[in-house]
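These are the residues of each chain, in order.
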Amino acid sequence: MVRIGILMFTLTGLAAGTAAAQDAAAGAKIYTDQKCSLCHSVAGKGNAKGPLDEVGTKLSADDIRAWIADAKGMTAKSGATRKPEMKAYTLEKHDVDALVAYLTTLKKK
């Protein structure tokens, strides 16, 4: 009985890891499709003035989501001075979730 519990726990963890990887891959595609690299860069590709390479280390998933959903509000809240300000985007919830999943993977190495 204990072995079955351990096996189920392991399989659940693997499935969650696979789903997170799929979300992150979908988010990377959304990042590309939405042309985020016009204002931001990842791994030296895109606009160097807005690097996102360590955003997953610096910001929580909720903060990243807030930047996507309400860039103007987050600019005011954070006191960010970068010009031009980040534009507001209207994305479906599942696209925002995927984009957040991708951006949270961008961590300091």
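Residues numbered from 1 in each chain as written. Predicted model: local features only at pLDDT ≥ 70, side-chain atom pairs only at ≥ 80, totals over all residues. Heavy atoms only, no water.

Residues of the protein chain with pLDDT of at least 70 account for 83%, and the chain-wide mean is 83. The low-confidence segment residues 5-16 (pLDDT under 50) makes zero contacts with residues lying over four places distant or belonging to another chain. (pLDDT = per-residue confidence, 0-100. Contact = heavy atoms within 4.5 Å.)

Looking at the largest pocket, its volume works out to about 740 Å³. Around the largest pocket sit 29 residues that line it, and His40, Leu52, Trp67, Arg82 and Met86 are the ones nearest its centre. Listed by contribution, the elements that provide at least two residues to the lining of the largest pocket are helix 2 (55-58), helix 3 (61-69) and helix 5 (93-104). A per-element tally of the lining of the largest pocket places helix 3 first, with three residues. (1 Å grid on protein atoms, 1.4 Å probe; cavity = no way out; pocket = protein on both sides within 12 Å on 5 of 7 lines; lining within 4 Å. Points joined across faces, edges and corners; volume = space filled by probe spheres on them. Helix = DSSP H or I, 4+ residues; strand = E, 2+ residues; numbered from the N terminus.)

Looking now at the packing of helix 3 against helix 5. Close contact between helix 3 and helix 5 brings their axes to 9 Å; oriented N to C, the two are set at 125 degrees. Regarding the angle of helix 3 to helix 5, the classification is oblique. With respect to the hand of their crossing, helix 3 and helix 5 are arranged in right-handed fashion. Contacts between helix 3 and helix 5 involve Ala61, Ile64, Arg65 and Ile68 from the former and Val96, Asp97, Leu99, Val100, Leu103 and Thr104 from the latter. Residue composition of the contact of helix 3 with helix 5, by class: seven nonpolar, one polar and two charged. (Axes fitted to C-alpha atoms, helices over the stretch in contact; angles between N-to-C directions. Parallel < 35°, antiparallel > 145°, perpendicular 65-115°, else oblique. Left-handed = near helix turned anticlockwise from the far one by under 90°. Nonpolar A, V, L, I, M, F, W, Y, C, P; charged D, E, K, R; others polar.)

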